[in-house]
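Here are the chains, one letter per residue:
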Amino acid sequence: MFPNPDFFTRRIHAGLLAVALAAALAACSTGPSRQDAGQAGQTAAPSAAGDRAARANATPPVTVAKPIPPAETDAIVRILAYAERVRVMPPAELGQEVARLGDASTPSDQLRLSLVLSQLHQLPDLIRAQELLARVLGNADAQAQALHPLARLLASRFGEQRRLEEQLEKQNQQVRDVQRRLDQTNERLEALKAIERSLASRPPAAPASAPAPATNRGRSAAP
């Protein structure tokens, strides 16, 4: 009598189940495969690059400038308003303002006097204006320090203006030299013309008479 077919079916299913269970246990014990490790490394690399890019693109901290005290702001505003008045002053009033400020003992007056001198457009006056700004910048007093930013700005502007004034003075000197040589040449030319006119105004000299022939004189002397 043959065995029941269900018996063989159950035996086959049990064997397959045992093989599958053994394979699963082996996979868990050996750890992740090389392919899994490679995928994990590829995933970690973009993540690290993203972190570096995020740090590079991070906005730097903003430095907030120290606010200027109202008293210092008022002093600068007053001097700027004075500079606007000086800019439209005629030369006569500029000279009066220079006399009024005198030696300019305070930093504010030193800045004002430097502004007036810069409007005269003369190289010696501009040099004096730069010296006044240097006195303000070298002053460690609180009032002077409040005016240091404006003094540095004016010093830069006056330096450029002085360079232009020196170039203009050099060109004017060259023009004066050319004009002097031209005047000397004209004087010599006029002197030559005067000599030519004096020679032309003289009367022509009379021609000398020719002496009589010797034979004629001898004949007239004979008896």
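Residues numbered from 1 in each chain as written. Predicted model: local features only at pLDDT ≥ 70, side-chain atom pairs only at ≥ 80, totals over all residues. Heavy atoms only, no water.

**Q** What exactly am I supposed to notice about the layout of surface pockets here?
**A** Over the atoms rolls a probe the size of a water molecule, and in doing so it shows where empty space is left. Here the largest pocket is characterised by a volume of approximately 170 Å³. Lining the largest pocket are 13 residues, with A83, L115, Q119, L154 and R157 sitting closest to its centre. For the lining of the largest pocket, the secondary-structure elements that each account for two or more residues are α3 (70-87), α5 (107-118) and α8 (148-201). Among the elements that make up the lining of the largest pocket, the one with the highest residue count is α3 (six residues). Looking at the lining of the largest pocket residue by residue, the class counts come to eight nonpolar, two polar and three charged. (1 Å grid on protein atoms, 1.4 Å probe; cavity = no way out; pocket = protein on both sides within 12 Å on 5 of 7 lines; lining within 4 Å. Points joined across faces, edges and corners; volume = space filled by probe spheres on them. Helix = DSSP H or I, 4+ residues; strand = E, 2+ residues; numbered from the N terminus. Nonpolar A, V, L, I, M, F, W, Y, C, P; charged D, E, K, R; others polar.)

**Q** What should I look at first to understand the packing of α5 against helix α6 (residues 123-137) in this one?
**A** Helix-helix packing is characterised by the crossing angle of the two axes and by the distance between the axes. At a minimum axis distance of 8 Å, the contact between α5 and α6 shows a crossing angle of 160 degrees. By the angle between their directions, the pair α5 and α6 is classed as roughly antiparallel. Between α5 and α6 lies a crossing of left-handed hand. Contact with α5, carried on its side by P107, Q110, L111, L113, S114, L117 and S118, involves D125, L126, R128, A129, L132, L133, R135 and V136 of α6 and no other residues of that element. (Axes fitted to C-alpha atoms, helices over the stretch in contact; angles between N-to-C directions. Parallel < 35°, antiparallel > 145°, perpendicular 65-115°, else oblique. Left-handed = near helix turned anticlockwise from the far one by under 90°. Contact = heavy atoms within 4.5 Å.)

**Q** Help me out: how do you make sense of unusual backbone geometry in this one?
**A** With the exception of glycine, most residues fall at negative phi, and the peptide bonds are largely trans. Even without being a glycine, A104 presents a positive backbone phi close to 55 degrees. Taking the relative accessible area as the measure of exposure, A104 reaches 3% and is therefore buried. Positioned with a positive phi, H121 is a non-glycine residue whose angle comes to about 60 degrees. Of note, H121 is situated in the loop between α5 and α6. On the basis of relative accessibility, which here comes to 46%, the residue H121 falls in the partly exposed class. (Buried < 20%, exposed > 50% of the residue type's maximum accessible area, 1.4 Å probe, protein only.)

**Q** Can you walk me through the nonpolar core in this structure?
**A** Side chains that are nonpolar tend, in soluble globular proteins, to be buried together. Of all hydrophobic cores here, the largest spans 25 residues; its most connected members are L111, L113, V116, L154 and F158. For this core, the secondary-structure elements that each account for two or more residues are α3, α4 (91-101), α5, α6 and α8. If we ignore the near neighbours within four places in the chain, the residues touching F158 are S114, L115, S118, L126, A129, Q130 and L133. (Core = buried A, V, L, I, M, F, W, Y, C linked by side-chain atoms within 4.5 Å.)

**Q** Is there a simple way to explain α4 in this structure?
**A** Think of an α-helix as 3.6 residues a turn; residues three or four steps apart then line up on the same face. Residues of α4 that are buried include every one of L94, E97, V98 and L101, and no others. The buried residues of α4 occupy one face: seen down the axis, they fall within an arc of 100 degrees. Among the exposed residues of α4, those pointing more than 90 degrees away from its buried face are A92, Q96, A99 and R100. Just downstream of α4 lies G102, where phi reads positive at about 60 degrees. (Arc of directions from axis to C-beta.)

**Q** Any chance you could explain the pattern of salt bridges here in plain terms?
**A** If the charged atoms of two oppositely charged side chains come close together, the side chains can form a pair. Counted by the stated rule, this structure contains seven salt bridges. R163 is paired through a salt bridge with E160; the nearest N and O atoms lie 2.4 Å apart. Taken together, the residues R163 and E160, both in helix α8 and three residues apart, mark about one turn of the helix. D177 is paired through a salt bridge with R180; the nearest N and O atoms lie 3.1 Å apart. Of the two residues, D177 and R180 are both situated in helix α8; the distance of three residues between them amounts to about one turn of the helix. (Salt bridge = Lys/Arg side-chain N within 4 Å of Asp/Glu carboxyl O.)

**Q** How do you make sense of the side chain of Q119 when you look at a structure like this?
**A** Along the chain, the position of Q119 falls in the loop between α5 and α6. Beyond its immediate stretch of four places on either side in the chain, Q119 contacts V86, R87, L94 and R157.

**Q** Looking at this model, I keep getting lost on the packing of aromatic side chains. Mind explaining?
**A** The description of an aromatic ring pair rests on the distance of the ring centres and on the angle between the ring planes. Inspection of the entire model under this criterion finds zero aromatic pairs. One residue, R112, lies across the ring of Y82, its end atom 5.7 Å from the ring centre. (Phe/Tyr/Trp six-rings, centres within 6.5 Å; stacked < 30°, edge-to-face > 60°. Lys NZ or Arg CZ within 6 Å of the ring centre and 35° of its normal.)

**Q** Would you mind showing me how to read α6 here?
**A** Its 15 residues give α6 an end-to-end C-alpha distance of 21 Å, which sits within 8% of 21 Å, the value for a rise of 1.5 Å per residue. When α6 is considered as a whole, its buried residues turn out to be L126, A129, L132, L133 and V136. Axial view of α6: buried residues confined to an arc of 115 degrees, hence all on one face. Considering only its buried residues, α6 is in contact with α5, α7 (142-146) and α8. (Expected span 1.5 Å × (residues − 1).)

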